[in-house]
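# Observations on chain architecture
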Amino acid sequence: MMKRFFLNYRLAVLLMLVFLLGSCKKFLVEEPVNSTFAGAYWKSSGDLRSAMAGNYALVRDVMNSGNWNPSPRYFMYGDAIAKNYFTIQYNGDGLEGIQDGDFTFQYNVENFGDWTKYYKAITMSNIIINRVPKVADDLLTDVTNPTKFKNEMLGEAYFLRAFTYFMMLRVWGDVPLVTEEYDDPISAPELARSTKKEVMAQIEKDALLAHELLPWQYSLVGNAKVTANKGAVNALLAHFYLWKATMSDVNSNQPDLETVDKADKAIDEILNNGMYSLTDTSNYYKTFEGLSSEGIFEIAMSENTREGTNQHIANMFLRTAQLATTGTNSRCYVNADYLTNHFYKIDQVWDWYWNTSLQQWEWKAMPSQVFDDSDIRCRRNFTDLNSDKATCIKYQNVVYRNPSQKQDPYVSNNLIVFRLADMRLLKAEIALYRNQVSKAIDIINEFRKRNGADESAFVDNTSSKDDVMYEYIIERGKELYLEGHIFYDLLRTRQYSNFVPWLSESRFRQEGFYWPINPALFKNNNKLTQTSYWRGKV
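Remember, it's a predicted structure, so these values are computed and weren't measured experimentally. Numbers given for residues are sequential positions, taken from 1 along each chain in its written order. Residues qualify for local features only when their pLDDT is at least 70, as the model is predicted, and side-chain atom pairs are given and counted only at 80 or more; totals for whole chains, interfaces and linings, by contrast, use all residues. Only hydrogens and water are set aside when side-chain values are computed; all heavy atoms of the structure are taken into account.

### Details of the overall build of the protein chain
What counts as a helix is a DSSP run of H or I of at least four residues, what counts as a strand is a run of E of at least two, and both are numbered from the N terminus. Helix and strand content of the protein chain: 18 helices and ten strands. With C-alpha atoms as the basis for the radius of gyration, the globule rule is written as 2.2 Å multiplied by the number of residues raised to the power 0.38. For a compact globule of 538 residues, the expected C-alpha radius of gyration is about 24 Å, and the protein chain comes in at 24 Å, within 12% of that figure. Along the three orthogonal principal directions, the C-alpha set of the protein chain runs to about 90 × 55 × 50 Å. The buried label goes to any residue with under 20% of its type's maximum accessible area, the exposed label to any with over 50%, and the partly exposed label to all in between, with areas taken from a 1.4 Å probe on protein chains only. Evaluated residue by residue, the protein chain yields a buried proportion of 57% over its 538 residues. Only heavy atoms matter for contacts: two residues are in contact if any of them lie within 4.5 Å across the pair. Of all intrachain contacts in the protein chain linking residues separated by at least 6 positions in sequence, the fraction that spans at least 24 positions is 71%. By element, 48% of the accessible surface of the protein chain is carried by carbon and sulfur atoms, the whole surface being about 22,100 Å². Just so you know, the count uses Lys and Arg for positive and Asp and Glu for negative, and it drops His and the chain ends. By convention, the point assigned to a charge is CZ for Arg, NZ for Lys, CD for Glu and CG for Asp. Within the protein chain, the 65 negative side-chain charges are centred at a point lying 4 Å from the centre of the 59 positive side-chain charges. Computed with the Shrake-Rupley method and a 1.4 Å probe, the accessible areas treat only the protein chains shown as cover for residues.

### With respect to the confidence of the model for the protein chain
The predictor attaches a confidence to each residue, called pLDDT, with possible values from 0 through 100. Per-residue confidence for the protein chain averages 91 on the pLDDT scale, and 92% of its residues sit at or above 70. Of all helices and strands in the protein chain, the one with the weakest mean pLDDT is helix α1 (residues 2–5) (30), whereas helix α9 (residues 230–247) scores best (99). Confidence drops under a pLDDT of 50 for residues 1–37, and excluding neighbours within four residues, the segment shows 86 contacts in the predicted structure.

### Points about helix α8 (residues 196–213)
What a helix should span is 1.5 Å times the count of its residues minus one. Between its first and last C-alpha atoms α8 spans 26 Å; for 18 residues at 1.5 Å apiece the expected length is 26 Å, and the two agree. All buried positions along α8 are accounted for by Lys196, Val199, Met200, Gln202, Ile203, Glu204, Asp206, Ala207, Ala210 and His211. Looking at the buried residues of α8, the elements they touch are α7 (146–172), α9 and α10 (257–273).

### Overview of helix α4 (residues 73–80)
For α4, the buried fraction is high: eight of the eight residues fall into the buried class. The set of residues buried in α4 consists of Arg73, Tyr74, Phe75, Met76, Tyr77, Gly78, Asp79 and Ala80.

### Some remarks on the packing of helix α15 (residues 437–450) against helix α16 (residues 465–479)
To obtain an axis, a line is fitted to C-alpha atoms, over the contacting stretch when the element is a helix, and the angle between two such axes runs from 0 to 180 degrees between their N-to-C directions. Contact geometry of α15 with α16 gives a least axis separation of 10 Å together with a crossing angle of 30°. As judged from the angle between their axes, α15 and α16 are roughly parallel. Between α15 and α16 lies a crossing whose hand is left-handed. Between α15 and α16, the residues in contact are Val437, Ala440, Ile441, Ile444, Phe447 and Arg448 and Lys465, Val468, Glu471, Tyr472, Ile474, Glu475, Lys478 and Glu479, respectively. Residues are sorted three ways: Asp, Glu, Lys and Arg are charged, Ala, Val, Leu, Ile, Met, Phe, Trp, Tyr, Cys and Pro are nonpolar, and all the rest, Gly among them, are polar. Grouping the constituent residues of the contact of α15 with α16 by class yields eight nonpolar, no polar and six charged. Working rule for angles: under 35 degrees goes down as roughly parallel, over 145 as roughly antiparallel, 65 to 115 as roughly perpendicular, anything else as oblique. Handedness of a crossing follows from how the near helix is turned relative to the far one, being left-handed for an anticlockwise turn of less than a right angle and right-handed for a clockwise one.

### Points about the environment of Glu298
Checked against the element boundaries, Glu298 lands in strand β2 (residues 295–299). The buried category is assigned to Glu298, whose relative accessible area is 0%. As a C-alpha pair, Glu298 and Ala224 span 74 residues in sequence and 9.2 Å in three-dimensional space. Those residues in contact with Glu298 that lie beyond four places of it in its chain are Lys225, Val226, Gly290, Leu291, Ser292, Asn414, Leu415, Ile416 and Val417.

### A short note on the pattern of salt bridges
The rule for a salt bridge is simple: a side-chain nitrogen of Lys or Arg has to be within 4 Å of a carboxyl oxygen of Asp or Glu. Under the defined criterion, the tally for this structure stands at 33 salt bridges. A salt bridge links Asp93 to Arg331; the nearest nitrogen and oxygen atoms lie 2.8 Å apart. Here Arg331 lies in the loop between β2 and β3 (332–334) and Asp93 lies in the loop between β1 (86–88) and α5 (106–112), a separation of 238 residues in the sequence. By relative accessible area, which is 2% here, Asp93 ends up buried. For Arg492, the salt bridge is made with Glu429, and the minimal N-O distance between the two is 2.8 Å. Of the two residues, Arg492 is situated in helix α17 (residues 486–493) and Glu429 in helix α14 (residues 420–433); the sequence distance between them amounts to 63 residues. Judged by its relative accessible area of 4%, Arg492 is buried. Accessibility expressed as a relative area gives 0% for Glu429, which makes it buried. It is possible to trace a salt-bridge network through shared partners that takes in Glu294, Asp375, Arg377, Lys394, Arg419, Arg448, Glu471, Glu475, Lys478, Glu479 and Glu483.

### Things to note about the pairing of strand β8 (residues 398–402)
Successive side chains on a regular strand alternate, one facing one side of the sheet and the next facing the other. Any two strands between which DSSP finds at least two bridges are classified as paired. Examined bridge by bridge, β8 and strand β9 (residues 407–411) share four bridges and lie antiparallel to one another. From the neighbouring strand, Asn402 faces β9, where its bridge partner is Gln407. What sits between the antiparallel neighbours β8 and β9 is a turn of four residues, in which Lys406 has the positive phi angle 50°.

### Side note on unusual backbone geometry
Of note, the phi angle at Lys225 is positive, near 75°, even though the residue is not glycine. Here Lys406, not a glycine, exhibits a phi torsion of approximately 50°, which is positive. Examined against the element boundaries, Lys406 turns out to sit in the loop between β8 and β9. By relative accessible area, Lys406 is classed as partly exposed at 47%.

### Points about the packing of aromatic side chains
Aromatic rings considered in pairs are described by the distance between their centres and by the relative angle of their planes. Ring pairs are drawn from Phe, Tyr and Trp, using the six-membered ring of Trp, whenever the two centres fall within 6.5 Å, and their geometry is named by plane angle: stacked under 30 degrees, edge-to-face over 60, tilted for the rest. Inspection of the entire model under this criterion finds 40 aromatic pairs. Ring geometry for Trp243 and Tyr488: centres 5.9 Å apart, planes at 85°, overall edge-to-face. Of this pair, Trp243 sits in helix α9 while Tyr488 sits in helix α17, and the two are 245 residues apart along the sequence. For the pair shown, Trp243 and Tyr488 are each scored as buried. Considering the side-chain rings of Phe288 and Tyr395, the 6.2 Å spacing of their centres and the 90° angle between planes classify their relative orientation as edge-to-face.

### Quick notes on the side chain of Arg331
What makes Arg331 buried here is its relative accessible area of 13%. Looking at Arg331, its side chain comes within polar contact range of the main-chain oxygen of Gln89, at 2.5 Å. Here Asp93 takes part through its side chain, which lies 2.8 Å from a polar atom of the side chain of Arg331. In contact with Arg331, not counting residues within four places along its chain, are Asn69, Thr87, Ile88, Gln89, Tyr90, Asn91, Asp93, Leu95, Glu96 and Met316. Any pair of nitrogen or oxygen atoms within 3.5 Å is treated as a polar contact; in protein, a donor-acceptor pairing is required on top of that, and neighbouring residues in sequence qualify only through side-chain atoms on both sides.

### Some thoughts on the state of the cysteines
For this text, the term disulfide refers to a pair of cysteine sulfurs within 2.5 Å. One pass over the full model with this rule turns up zero disulfides. With no disulfide of its own, Cys392 lies closest to Cys332 among cysteine sulfurs, the gap being 10 Å. Note on Cys392: relative accessible area 3%, which makes it buried.

### Points about the packing of α4 against α17
Running from N to C, α4 and α17 cross one another at 40°; their axes reach a closest spacing of 5 Å. Residues Tyr77, Gly78 and Asp79 of α4 lie in contact with α17, whose contacting residues are Ile486, Phe487 and Tyr488. Partitioned by chemical class, the residues of the contact of α4 with α17 number four nonpolar, one polar and one charged.

Now the structure itself:
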């Protein structure tokens, strides 16, 4: 399985992974393999670059893996759970069950409840962090500044470890912390799940180390956007600090403002640096193909480097018009309610109403919210708008490896993790936490104006803080639709009750938004315990 997955990567990366993944701990993989080759590998800059390429490949595998049908977990956790945004149609695998808050379907528990792939990525980060400092400078003969080169390798490894643990934190909460490379995985200690507080402390520590080690500019032009730099670290810190500020205590709706300030500082570093700019709306799709001026950190999935995929989230939405090898009834479709709730204008609609003073019915023009597709994000992201099953075409850069017959298609859209628009919108959330309501309104209206929304949809300056928070989430739902952020946004802002019917306040307080872990993981680790909400249910 490992070899089949990495056929698209360079032979050096393949060899690196095959020989080094034996360092995984015994409760994370069933059959760890020791390697005598590893000690002979770290002898050149090429070895280090290959190891790092392998680390990114493993993170990509984490995000793109899922159920046995195309169902990339990054989007299942971050978007699909929020049922009001799109519908997963029944296909026999129980995937649609997660949209009703039932994470216990067999295939879902076995796949989405399994964190093994995450720990393979973490293991590679641990290997790099342990071994790079031991590589003698005189072996790096083709590197101008060996110290700078090694620092960048370490910075990227720390970033990927922090990012991987951050993904796990938002899915499971408490997870085992593995930060060492074990030469002998058979004798490695079994580890219990560390507390969320401990996991967050490790994420922050790793991210700050990465921030210290990484530059803003990329040493290699080809690494831009798809490898970590100081901008990527700041974007991770922004999301991490907002999560920590709002989700450390689910029994409180008051964010920790000191931690919110840290998120704000991270975003300001990005904005003040000036190396990112919003993509012009005339080139709207460029943002989602990848490598745009707006992109801060992306996972490489472009056919330009033969890294396209048929496991993209697009494969769950696209129909024959965009993807010749699929049918007209896609696995997922966009809810009509999502469209009308997010893209609208206020119009005058004549209707009868009861005049209580005169005790009679009267014919009167009343303000009403009606669907409006003037916003470019509606017109460019969705098609079949007049049907009850609209589809998302945000990712539609399909490349056929057999173009003459339109066969062997691969979706060639990078997976956009962090981008500038995301950071700018987070400033509105921060403003609301600080009770700076008018500042948040200005940010939201700026987005609506930029994207051509009808002026009647702009947020009124007299709106309450609660109303503006709702409009903020609406704006996030328009701007970042199907980018893996929606569910986490709803949890942080406590707006989940408006968009996730199955998540009651009681279940939220019990942390019932976290996933169970696959019972198979208990086989080799007696110290593991099930996620608290799911004990007795899985």
